[in-house]
Amino acid sequence: MIIKRMFDFPNYGWRSAFDDQERIRREMDRLFGQVAGQAYWPTHAGVFPLVNVTEDQDHFYIRSEIPGMKSEEISMSATGRNLSISGERKIASEGENVRYHRREREDGKFSRVIALPSDIEVGKIEAGYVDGILSIKIPKSEAAKPKQITVK
Amino acid sequence: MTETKELQAKGKVEVPASAEQIKPGPMFTPNVDIFETDKEIIMLADIPGVKAPDLTIDLRDDTLTLTGEVKPLNRPEEDDILIEYQFGRYYRQFTLAEVIDQGKIDAALNDGVLRLALPKLEKAMPRQITIKAG
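A brief report on the enclosed structure follows. (Residues numbered from 1 in each chain as written. Chains lettered and ligands numbered in written order. Predicted model: local features only at pLDDT ≥ 70, side-chain atom pairs only at ≥ 80, totals over all residues.)

**Structural notes on the nonpolar core**
Thinking step 1. In terms of nonpolar packing, the biggest core is built from 36 residues, with A:Ile62, A:Ile138, B:Met43, B:Ala45 and B:Leu114 touching the most fellow members.
Thinking step 2. Residue contacts for A:Ile62: discarding those within four places in its chain leaves A:Val51, A:Val53, A:Leu83, A:Ile114, A:Ile136 and A:Ile138. (Core = buried A, V, L, I, M, F, W, Y, C linked by C-beta atoms within 7 Å. Buried ≥ 20, exposed ≤ 12 C-beta atoms within 10 Å, placed from the backbone. Contact = placed C-beta atoms within 7 Å.)

Encoded structure:
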């Protein structure tokens, strides 16, 4: 049984072979949340930007929606198993003579540290920014990769 | 002193279903800025993940409808570790009070932000009416 743990996230504890149950629980939360008119997806750490973290055998993938940035305005650094993302989202002024009907888009600074479940190859991280989505590909360190063992 | 505020994390807002959806998956309301000048109405919408061919802007009578399709970036062999946001379609509808010059609508999509310029139709020229004495 593989057990992963993320310490940083209060709403996110053990992951285990009970994944299916966890998925059902989340789905139920979502359904009841909709009925009660609550936020659709309440499980997040409350720090901008919201991220999705996935993995395959050799890599971690972090994706985040930060529309309206330039790639050079996002800075990232990695140490040990932590990756920090920071930057500032700017919304250009439209001049004095405009009258606003809606103003929902927000600007401001952000900074977030994401702790990954295992060690990473800090030197080989690749990041791209396309259509307002930041995608980061992080190789796992050799020690963290699963090894195939042949049975003789 | 100008202090920049910190961005707050906010979950996406799902569109309340007014009619039954045929396509599966959630649908979200994009955040927009709408402002007008004397000549045009400008709309900016945050629609991260939408590529230009997947975006539909429809202006019919005075109803403007935005629909954006998002294709998932995850490959099927990836396992989720932490999922904080969902992706899905974007949908939002507005009723415009002004008459828009439909032929001159301009839309640009850059880095997940749509900028839509809707020029107002020039008002009919005021006409002088001369009354002839019969």
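**Regarding the interface of chain A and chain B**
Thinking step 1. Facing the 47 residues of chain A at the interface are 38 residues of chain B.
Thinking step 2. Those elements that provide at least two residues to the side of chain A that touches chain B are β3 (51-55), β4 (59-65), β6 (82-89), β7 (99-103), β8 (108-115) and β10 (133-139) of chain A.
Thinking step 3. A class-by-class count of the residues in the side of chain A that touches chain B yields 20 nonpolar, 11 polar and 16 charged.
Thinking step 4. Across four bridges, β7(A) lies against strand β3 (residues 32-36) of chain B in antiparallel orientation. If you follow A:Arg103 over to β3(B), its bridge partner there is B:Asp33. (Helix = DSSP H or I, 4+ residues; strand = E, 2+ residues; numbered from the N terminus. Nonpolar A, V, L, I, M, F, W, Y, C, P; charged D, E, K, R; others polar. Pairing = 2+ DSSP bridges.)

**With respect to the sheet that holds strand β9 (residues 106-110) of chain B**
Each strand in a sheet pairs with another by means of backbone hydrogen bonds, the pair being arranged parallel or else antiparallel.
Thinking step 1. Strand order in this open sheet of five strands is β7(A)-β3(B)-β4(B)-β10(B)-β9(B), and the pairing throughout is antiparallel. Unpaired on one side and paired on the other, β7 of chain A together with β9 of chain B mark the two borders of the sheet. Averaged over all neighbouring strand pairs, the angle between strand axes comes to 10 degrees, with direction disregarded. (Axes fitted to C-alpha atoms, helices over the stretch in contact; angles between N-to-C directions.)

**Some remarks on the sheet that holds β8(A)**
Residues and elements named next belong to chain A.
Thinking step 1. The strand order across the open sheet built from three strands is β5-β6-β8, with neighbouring strands paired in antiparallel fashion. Of all the strands in the sheet, just β5 (74-79) and β8 have a single pairing partner and so form its edges. Here the strands of the sheet are splayed against their neighbours by 10 degrees on average, with no regard to which way each runs.
Thinking step 2. Here six bridges tie β5 to β6, and the two strands are oriented antiparallel to one another. Pairing of Ser75 across the sheet is with Ser86, part of β6.

Structural measurements only, silent on function.
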